[in-house]
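# Geometric and topological summary
Residues per chain, in single letters:
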Amino acid sequence: MSSILEKIKQLAIQNSNETIANRQHIHQNPELSFHEFETQAFIEAQLASYGIESEKIANTGLIALIEGRNPSKKVIALRADIDALPILETNDLPYKSKNTGVMHACGHDVHASSLLATAKILQEIKGDFEGTVKLLFQPAEEKAPGGASIMIKEGALENPKPNGILGQHVATNIPVGKIGFREGMYMASADELYLTVKGLGGHGAMPDNCIDPVVIASHIIVAMQQIISRNKNPRLPSVLTFGKFIANGATNVIPDEVKIEGTFRAMDETWRAEGLAKMKKLAEGMAEAMGGSCDFHVLKGYPFLQNNPELTRRMKSAAIEYMGEENVIDLDIWMAAEDFAFYTHHVDACFYRLGIRNEANGIIHGVHTPNFNIDEKALVHGPGLMAWMAIQELSQI
Ligand SMILES: [Zn+2]
Ligand SMILES: [Zn+2]
């Protein structure tokens, strides 16, 4: 076992009280997507106290470099998202959210404090590695168009250009102490669909005088599922769900229009575009054939997330060295979306998961719930692991 690994482990343990205090501070002062001004100031000040200069990007984000020896040799980027959600926290904790109705319910407080701790370690040992670590503290993961897309537009992946990027996310289904990886496609693209089916309302007893949008919309919903089952390559995962269907008539009233809203998820950008085009054609054509019309509107979300297989394999073996083989697990595909996906279409990427579950302590609640919490032991090994993975990758020729 290399002495540098031991050094990182020691520093991670030594810093863990500060890491946990930072997490609790960020947790207590959550800010919504695109409004992370105090969080940005806090992170900026922490980095400065470690001797790391940072630059503002994407309005409420930060970017910073830690240069080792021979800094131009290779560059690895490390990303943490920093925004919170519009959720009223129900946890009874000394560091419960002070910002009523806003909560770090997706663990971005963990990601931010963990990356701060990783930065502190790497700054301390920068004489021990070659290359440059680029830190990305990214706003607005939770809100379209996603802070990642703005960071990229504003040049986060240029000057210097990273050879690879790592990101971690807490996992409520993985016990604390374990880390999960998956090569290749991992998370889905997510587009929002908004359909307005228009007909002609009237008396429910006289449908012949009406164009019934409820029947048209019902046919559209059923037919659209066949795009998934009949047109999609069966080897590619994809989901279409309509969770909203508003036909505001009555038992005896046919309404003028029906509004339908849904989500379309895919693991392939070509299929994503084809699927959306087919849905639009089918919805519009079907409504027209039945005498009505359909406005089909898509709010484009994040792309699918692809983990570079070679980088992910290397990071998995680095994690095995740091955590032990029994603590590194393989992940299944997950049909949720994440804006880290934008980076994965520009640079070799590895998005992995940090276990935070502890059933014995009642830490079992999912992300985006008002009683989400984490086992803070994850903040002892999480930051050290990321530092170790970063310098392992930099040591690659
Ligand atoms: Zn989230
Ligand atoms: Zn998240």
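Structure first, text after, so check above.
To keep things clear, this report deals only with the structure shown in the data block. The structure displayed is predicted, hence computed values, not measured ones. One numbering rule holds for all chains: residues counted from 1, following each sequence as written. Labels are handed out in written order, letters beginning with A for the chains and numbers beginning with 1 for the ligands. Local features in this predicted model are restricted to residues of pLDDT 70 or higher, and side-chain atom pairs are both shown and tallied only at a pLDDT of 80 or more, whereas totals for entire chains, interfaces and linings draw on every residue. Based on all heavy atoms of the structure, the side-chain values leave hydrogens and waters out of the count.

### Considering the overall build of the protein chain
What counts as a helix is a DSSP run of H or I of at least four residues, what counts as a strand is a run of E of at least two, and both are numbered from the N terminus. Along its length, the protein chain carries nine helices and 16 strands. The globule rule used for comparison is 2.2 Å times the number of residues to the exponent 0.38, while the radius of gyration itself is calculated over C-alpha atoms. By the compact-globule yardstick of 21 Å for 397 residues, the protein chain fits well, its C-alpha radius of gyration being 24 Å. Across its three principal axes, the protein chain shows a C-alpha extent of roughly 80 × 45 × 40 Å. Counting across all 397 residues of the protein chain, residues that qualify as buried make up 53%. To be clear on the numbers: accessible area is Shrake-Rupley with a 1.4 Å probe, and residue cover counts the displayed protein chains and nothing else. With an accessible surface of roughly 16800 Å², the protein chain has 51% of that area assigned to carbon and sulfur atoms. Both charge centroids of the protein chain, one from 36 positive and one from 48 negative side chains, sit 3 Å from each other. Exposure categories follow from relative accessible area, calculated using a 1.4 Å probe and restricted to protein chains: below 20% of the type maximum is buried, above 50% is exposed, and the middle band is partly exposed. Charge assignment: positive for Lys and Arg, negative for Asp and Glu; neither His nor the chain ends contribute. In plain terms, the charge of a residue is placed at NZ if it is Lys, CZ if Arg, CG if Asp and CD if Glu.

### A word on the sheet that holds strand S1 (residues 54-57)
In this description, strands pair whenever DSSP reports at least two bridges between them. With mixed pairing, the eight strands of this open sheet are ordered in space as S1-S2-S4-S3-S5-S16-S6-S15. Two strands bound the open sheet, and with one partner strand each, they are S1 and strand S15 (328-330). When the angles between neighbouring strand axes are averaged without regard to direction, this sheet yields 30°. As paired elements, strand S6 (residues 179-181) and S15 share three bridges and run parallel to each other. Bridged to Phe 181 within S15 is Asp 330. Contacts between residues were defined by any pair of non-hydrogen atoms, one from each residue, lying within 4.5 Å. Axis angles are defined between N-to-C directions and span 0 to 180 degrees, where every axis is a line fitted to C-alpha atoms and, for a helix, only to the segment in contact. Together, S1, strand S2 (61-67) and strand S4 (132-138) form the strand contacts of helix H2 (residues 37-49), whose direction differs from that of S2 by roughly 15°.

### A word on the coordination of the zinc ion (ligand 1)
Within the protein, Cys 106 (SG), Glu 142 (OE) and His 368 (NE2) serve as the donor atoms for the zinc ion (ligand 1), at 2.0 to 2.2 Å. We call an atom a donor if it is N, O or S and sits within 2.8 Å of the metal, or 3.2 Å for Na, K and Ca. Water is not counted, so some sites may look partial. Sequence positions of the residues that donate to the zinc ion (ligand 1) give the spacing C-x35-E-x225-H. Separating the zinc ion (ligand 1) from the zinc ion (ligand 2) is a gap of 3.2 Å, bridged by Cys 106, which donates to each. Of this pair, Cys 106 sits in the loop between strand S3 (75-81) and helix H3 (108-124) while His 368 sits in the loop between strand S16 (349-357) and helix H9 (378-394), and the two are 262 residues apart along the sequence. What makes Cys 106 buried here is its relative accessible area of 7%. The exposure class assigned to His 368 is partly exposed, which follows from its relative accessible area of 39%.

### What to know about the packing of aromatic side chains
Each Phe, Tyr or Trp ring, with Trp reduced to its six-membered ring, pairs with another whose centre is within 6.5 Å; inter-plane angles below 30 degrees give stacked pairs, above 60 give edge-to-face pairs, and intermediate values give tilted ones. This model, assessed by the stated rule, comprises five aromatic pairs. Ring centres 5.7 Å apart and planes at 65° place the aromatic pair Tyr 302 and Phe 342 in the edge-to-face group. One end of the pair, Tyr 302, is in the loop between strand S13 (293-299) and strand S14 (305-307); the other, Phe 342, is in helix H8 (residues 340-344), with 40 residues separating them in the sequence. Of the two residues, Tyr 302 and Phe 342, both sit in the buried class. For the ring pair Phe 340 and Phe 351, a centre distance of 4.8 Å and an interplane angle of 25° mean the geometry is stacked. Residue Phe 340 is found in helix H8, and its partner Phe 351 is found in strand S16; the two are separated by eleven residues along the sequence. The pair formed by Phe 340 and Phe 351 is uniform in burial state, with each residue classed as buried. An aromatic cluster of three or more residues is present, and its members are Phe 340, Tyr 343 and Phe 351. Positioned over the ring face of Tyr 322 is Lys 9, at 5.0 Å from the centre of the ring. Here, a charge over a ring means that NZ of Lys or CZ of Arg falls within 6 Å of the ring centre while also lying within 35 degrees of the ring normal.

### Regarding H9
Each α-helix winds once per 3.6 residues, and so residues spaced three or four apart point in a common direction. For a helix, the expected span equals 1.5 Å multiplied by the residue count minus one. The first and last C-alpha atoms of H9 sit 24 Å apart over 17 residues, in line with the 24 Å expected at 1.5 Å per residue. Among the 17 residues in H9, 15 count as buried, and that is most of the element.

### Side note on the coordination of the zinc ion (ligand 2)
Bound to the zinc ion (ligand 2) on the protein side are Cys 106 (SG), His 108 (NE2) and His 169 (NE2), at distances that span 2.1 to 2.4 Å. Spacing between the donor residues of the zinc ion (ligand 2) along the chain follows C-x1-H-x60-H.

### Considering the side chain of His 381
Mapped onto the fold, His 381 is located in helix H9. Look at His 381 and you get buried, because its relative accessible area is 15%. Nitrogen and oxygen atoms within 3.5 Å of one another constitute a polar contact, given that in protein one can donate a hydrogen and the other can accept it, and given that sequence-neighbouring residues count only through two side-chain atoms. For His 381, the side chain forms a polar contact with the main-chain oxygen of Lys 377, separated by 3.4 Å. Beyond its immediate sequence surroundings of up to four residues, His 381 is in contact with Val 176, Gly 177, Tyr 322, Met 323 and Leu 354.

### Some points on the side chain of Asp 81
Examined against the element boundaries, Asp 81 turns out to sit in strand S3. What makes Asp 81 buried here is its relative accessible area of 0%. Of note is the side chain of Asp 81, whose polar atom sits 3.2 Å from the side chain of His 108. Polar side-chain contacts of Asp 81 include one of 2.6 Å to the side chain of His 111.

### Description of the pairing of S16
Here S16 lies mainly inside the structure; eight of its nine residues are buried. In this structure, strand S5 (residues 164-175) lies alongside S16, joined through eight bridges in parallel fashion. In the sheet register, Val 170 faces S16, and the bridge partner there is Leu 354. With two bridges joining them, S6 and S16 adopt antiparallel strand pairing. Counterpart to Gly 180 in the pairing with S16 is Arg 353.

### Section: the packing of helix H1 (residues 3-28) against H9
Interhelical geometry of H1 versus H9 gives an angle of 135° and a closest axis separation of 7 Å. In this view, H1 runs oblique relative to H9, as classed from their interaxial angle. Note that H1 runs across H9; the crossing there is right-handed. Of the residues in H9, those touching H1 at Ile 4, Leu 5, Ile 8, Ala 12, Ile 13, Ser 16, Thr 19, Ile 20 and Arg 23 are Leu 379, Val 380, Pro 383, Gly 384, Ala 387, Trp 388 and Ile 391. For this scheme, ten residues count as nonpolar: Ala, Val, Leu, Ile, Met, Phe, Trp, Tyr, Cys and Pro. Four count as charged, namely Asp, Glu, Lys and Arg, and the remainder, Gly too, count as polar. A per-class count over the contact of H1 with H9 returns twelve nonpolar, three polar and one charged. Geometric relationships in this document are graded by angle, where less than 35 degrees denotes roughly parallel, more than 145 denotes roughly antiparallel, 65 to 115 denotes roughly perpendicular, and other angles denote oblique. The handedness criterion is simple: a crossing whose near helix is rotated anticlockwise from the far helix by less than a right angle is left-handed, and one whose near helix is rotated clockwise is right-handed.

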